[in-house]
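# Summary of the model geometry
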Amino acid sequence: MSFSASTIVSILESYILEYMNIPYTLPPNERLFAFWVIILIATAFAFIGRRAYRYILLIVGGILGWFSSYFFAQFILSFIVLPSWLISIIGILLGASFMFFLARISISAGIAIMVYYVASTIFAVPTSDMLYIIAIVFIVSMFVYKRALNYIAPILGGILLYYAMTGLGMNIYESLGGGVVLAGLGIALYRVVKSRTKTVPVPAAPPEKAPETVIET
């Protein structure tokens, strides 16, 4: 079975859009609440950065793992008897770990899709070369995204704000402007904090005490 660049992109898009469509399947009141929660998460990503990214993923993954521990219990109890509290802890740990892995793949896939559209539309890269570009970008993103999270988190916050604002009924220009401003402020804040951290002088070590000279008589 042969895969083309457009086939890979369509698979990645369907993978991401499957999760993006979840809030739209909720009742109106829950949908409104979900979009406002997304706005809060977007703001945290922009102004707290990598730390908020890790904590939010840890909390969300733990909650999902706790809810899914019931189905995990049905599977594991057929092999071994465990107390319910231990099954809940295992579910929380598995959920948090899976959420980190899922986020890593999602971010790398999103970067690969953006590179695909930029390379194909702006730079008119031949389709035969796009498959290699997508694969290289995806693999590199999987390895370096931890170091780049201080920049990825504000940009992700801007994307989430754009998504939430459109979900709340705002037009595309307002949503896009809000997302760009939030991402820009988040990156600027990180650069300011980083520059101040570099300029803080490191306290000098106290001078070593000279050894006392003992004169024997």
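What you see is a predicted model, and the numbers here were worked out from it, not measured in a lab. Each chain carries its own residue numbering, running from 1 in the written order of its sequence. Reporting in this predicted model follows two pLDDT cut-offs: at least 70 for local features of residues, and 80 or more for side-chain atom pairs to be given and counted; totals over whole chains, interfaces and linings ignore these cut-offs and use all residues. Side-chain calculation: all heavy atoms of the structure are included, whereas hydrogens and water are not.

## Remarks on the overall build of the protein
Where we set the bar: A helix here means a DSSP run of H or I that spans at least four residues, while a strand means a run of E at least two residues long, and both kinds are numbered starting from the N terminus. The buried label applies to any residue whose accessible area, calculated with a 1.4 Å probe on protein chains only, is under 20% of its type's maximum; exposed applies above 50%, and partly exposed to all values in between. The contact definition used throughout considers only heavy atoms, calling two residues in contact when any of these lie within 4.5 Å. In these tables, accessible area is a Shrake-Rupley quantity obtained with a 1.4 Å probe, and a residue counts as shielded only by the protein chains included in the view.
Along the protein, the regular secondary structure elements total eight helices and zero strands. Listed N to C, the secondary structure of the protein is α-α-α-α-α-α-α-α in terms of helices and strands. Classification of the 217 residues of the protein by burial places 28% in the buried group. For the protein, the proportion of contacts with a sequence separation of at least 24, taken over those separated by at least 6, is 73%. Summed over its atoms, the accessible surface of the protein is roughly 15000 Å², and 72% of this surface lies on carbon and sulfur atoms.

## So, helix α5 (residues 84-122)
Going by this rule: Multiplying one less than the number of residues by 1.5 Å gives the expected span of a helix.
With 39 residues, α5 ought to run about 57 Å at 1.5 Å a step, and its terminal C-alpha atoms sit 56 Å apart, in line with that. Downstream of α5 by a residue or two, alanine 124 has a phi angle that is positive, lying close to 55°.

## Section: helix α3 (residues 50-67)
Here α3 contains 18 residues, and its C-alpha end-to-end distance of 26 Å stays within 8% of the 26 Å for a straight helix at 1.5 Å per residue. Listed in full, the buried residues belonging to α3 are Ala52, Tyr53, Ile56, Leu57, Gly61, Gly62 and Gly65.

## Let's talk about the nonpolar core
What counts here: Think of a nonpolar core as a cluster: buried Ala, Val, Leu, Ile, Met, Phe, Trp, Tyr and Cys residues, connected wherever their side-chain atoms sit within 4.5 Å.
Ranked by size, the top nonpolar core spans twelve residues in total: Ala44, Phe45, Ala52, Tyr53, Ile56, Leu57, Met99, Ala103, Ile107, Tyr145, Leu149 and Ile152. A per-element tally of this core places α3 first, with four residues. Alanine 52 has contacts with Ala44 and Phe45, leaving out every residue within four places of it along the chain. Residues Ala46, Tyr163, Ala164 and Met165 belong to the second largest nonpolar core, which totals ten residues.

## Quick look at the packing of α3 against α5
Threshold: What counts as an axis is a line fitted to C-alpha atoms, over the stretch in contact for a helix, and the angles between N-to-C directions run from 0 to 180 degrees. Orientation categories follow fixed angle ranges, with anything under 35 degrees roughly parallel, anything over 145 roughly antiparallel, 65 to 115 roughly perpendicular, and all other angles oblique. Handedness of each helix crossing follows the sense of rotation of the near helix against the far helix: counterclockwise by less than a right angle gives left-handed, clockwise gives right-handed. Only Asp, Glu, Lys and Arg are considered charged, only Ala, Val, Leu, Ile, Met, Phe, Trp, Tyr, Cys and Pro nonpolar, and every remaining residue, Gly among them, polar.
Contact geometry of α3 with α5 gives a least axis separation of 6 Å together with a crossing angle of 130°. With respect to α5, the axis of α3 lies oblique. Considering how the two elements wind past one another, α3 and α5 form a crossing that is right-handed. Contacts from Tyr53, Arg54, Leu57, Leu58, Val60, Gly61, Gly62, Leu64, Gly65 and Trp66 of α3 reach α5 at Ser88, Gly91, Ile92, Gly95, Ala96, Met99, Phe100, Ala103, Arg104 and Ile107. Split into classes, the residues belonging to the contact of α3 with α5 amount to twelve nonpolar, six polar and two charged.

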